[in-house]
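Take a look at the letters that make up each chain.
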Amino acid sequence: MSLITPNEITEAGQIGSDGRGGWVVPDRPVIPFIEGDGTGPDIWRATRMALDAAVKAAYGSSKEILWLEILAGEKAYAATGSYLPEETLNSIIQYKVALKGPLTTPVGGGFRSINVTLRQRLDLYACIRPVKFFPQLPSPLKHPEKIDMVVFRENTEDVYAGIEWPAGTDEAAKVIEFLNDQMGCRIRQDSAIGVKPMSSFASRRLIKMAVNYALRTGRPSVTMMHKGNIMKYTEGAFRECGYQLAKEEFSETVLTEDEVGRLSEKGSAGKVVLKDRIADMLFQQVLLRPEEFSVIATPNLNGDYISDALAAQIGGLGMAPGANVGDEAAVFEATHGSAPKYANQDKVNPCSLILSGGMMLEHLGWTEAAEALQRAVQETIAAKQMTYDLARQTEGATLLSCSGFGAAIVQRLA
Ligand code: NAD
């Protein structure tokens, strides 16, 4: 399968629009990839092998991905002096999908998160993270087989909007003065200030995407996760937005939990049940009663926390795929970060990025390849062929390197 350079691209490789909100995907689409920092290059290599093998297994030589490298993160900085070159953003807009390895962000200073910038600049407003148990995955739960959830995390607002000023700066002082003098607040002078904007526009489109997904895939419920008891006008309004949306746009297909009665979790006559849970309580309930939750729609910060917590129930971050999706483009990436302490050791679990690639194949409508890939991953894990993160928790496991895991997937697809 092919790695191409910009000079080798032809028009034929571009994904087009069908004019009805869907895609027209050529048999040889150009797909840009960002290798990523830290462990990114290791998991990207294993992922590319697995995806190419899945496409070949499903379609022989009639379809093929043409991989085009685009730069972001440390590699981009070394080559161009920018962590996120405009050219990279333009390529994703042009080709409509991309696969991305994790990128490092320093804590407390330095540059702003490239991941957050990418999501905001391309308006990739939904971060979609499926969490599903496969047999033989290590789990702290007694019945991990009950876990089958998909998190829809709002990606562009909330405290992730990046509007904040350090304590002691003129900007922080100005905001503090305004809030204390004109809004009746009592904020200490040495405070740092962060702003949490949440619009009904962004909340509504995210919840709408989650509800449409539940309807399309036959899932029984959508749970809005929020902290509206404390943050009434931001997270509380998120919840209200959802119920209003259900009334205005989904009256034929969605019922609220009140409407079906508190004890029913199955939905009613094929309708999706829309419900809400306060964030702290949901953390408890996904452990104690995971079968009651199917699709979770949530503001940005809650979504960050719950995604990692759910990943821990199905083997950890190495098993957690994700997609950042907007109306015009989609970037597929693992839930985890660059795990720099394991960089270049060919050691970490590439499943997170491989399964993100599987989501990308589904997004392209290459369902047969997505299913073949998913089956190969499941069979490899069921055979206890595992990278260190899973193997150390599994009796009788065969320890594989990152590339060894990729090769095991290829072997099952051959
Ligand atoms: P991390 O997710 O990179 O790693 C935390 C730990 O999780 C690792 O030490 C490792 O034990 C485990 N882990 C992660 N990926 C794994 C894998 N594939 N297989 C097995 N185990 C795995 O979190 P961190 O150390 O807090 O963050 C490192 C950097 O990544 C930071 O700069 C952070 O900002 C960035 N980050 C990037 C993204 C992204 O690119 N989307 C997401 C989260 C964090």
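Residues numbered from 1 in each chain as written. Predicted model: local features only at pLDDT ≥ 70, side-chain atom pairs only at ≥ 80, totals over all residues. Heavy atoms only, no water.

Trainee: Got a minute to help me understand the pattern of salt bridges in this structure?
Mentor: Under the criterion given, the structure shown has 22 salt bridges. Asp-158 is the partner of Lys-196 in a salt bridge, and the nearest nitrogen-oxygen pair spans 2.6 Å. Taken together, the positions of Lys-196 in the loop between β10 (193-194) and α6 (200-217) and Asp-158 in the loop between β8 (148-154) and β9 (164-165) put the pair 38 residues apart, joining distant regions of the chain. A salt bridge links Arg-204 to Glu-248; the shortest N-O distance between them is 2.9 Å. Within this pair, whereas Arg-204 is found in helix α6, its partner Glu-248 is found in helix α7 (residues 235-249), the two being separated by 44 residues in sequence. Members of the salt-bridge network, linked through shared partners, are Arg-204, Lys-208, Glu-248 and Glu-249. (Salt bridge = Lys/Arg side-chain N within 4 Å of Asp/Glu carboxyl O. Helix = DSSP H or I, 4+ residues; strand = E, 2+ residues; numbered from the N terminus.)

Trainee: Explain the pairing of strand β11 (residues 221-226) here, please?
Mentor: Looking down a regular strand, the side chains alternate between one sheet face and the other. Where burial is concerned, most of β11 is hidden: six out of the six residues are buried. Burial of the side chains of β11 extends over both faces: Ser-221, Thr-223 and Met-225 are buried on one face and Val-222, Met-224 and His-226 on the other. Examined bridge by bridge, β11 and strand β13 (residues 272-278) share six bridges and lie parallel to one another. Each residue of the ladder has a partner; that of His-226, found in β13, is Ile-278. Bridging between β11 and strand β14 (residues 295-298) involves three bridges; their strand directions are parallel. Within β14, the position partnered with Met-224 by the bridge is Ala-297. (Buried < 20%, exposed > 50% of the residue type's maximum accessible area, 1.4 Å probe, protein only. Pairing = 2+ DSSP bridges.)

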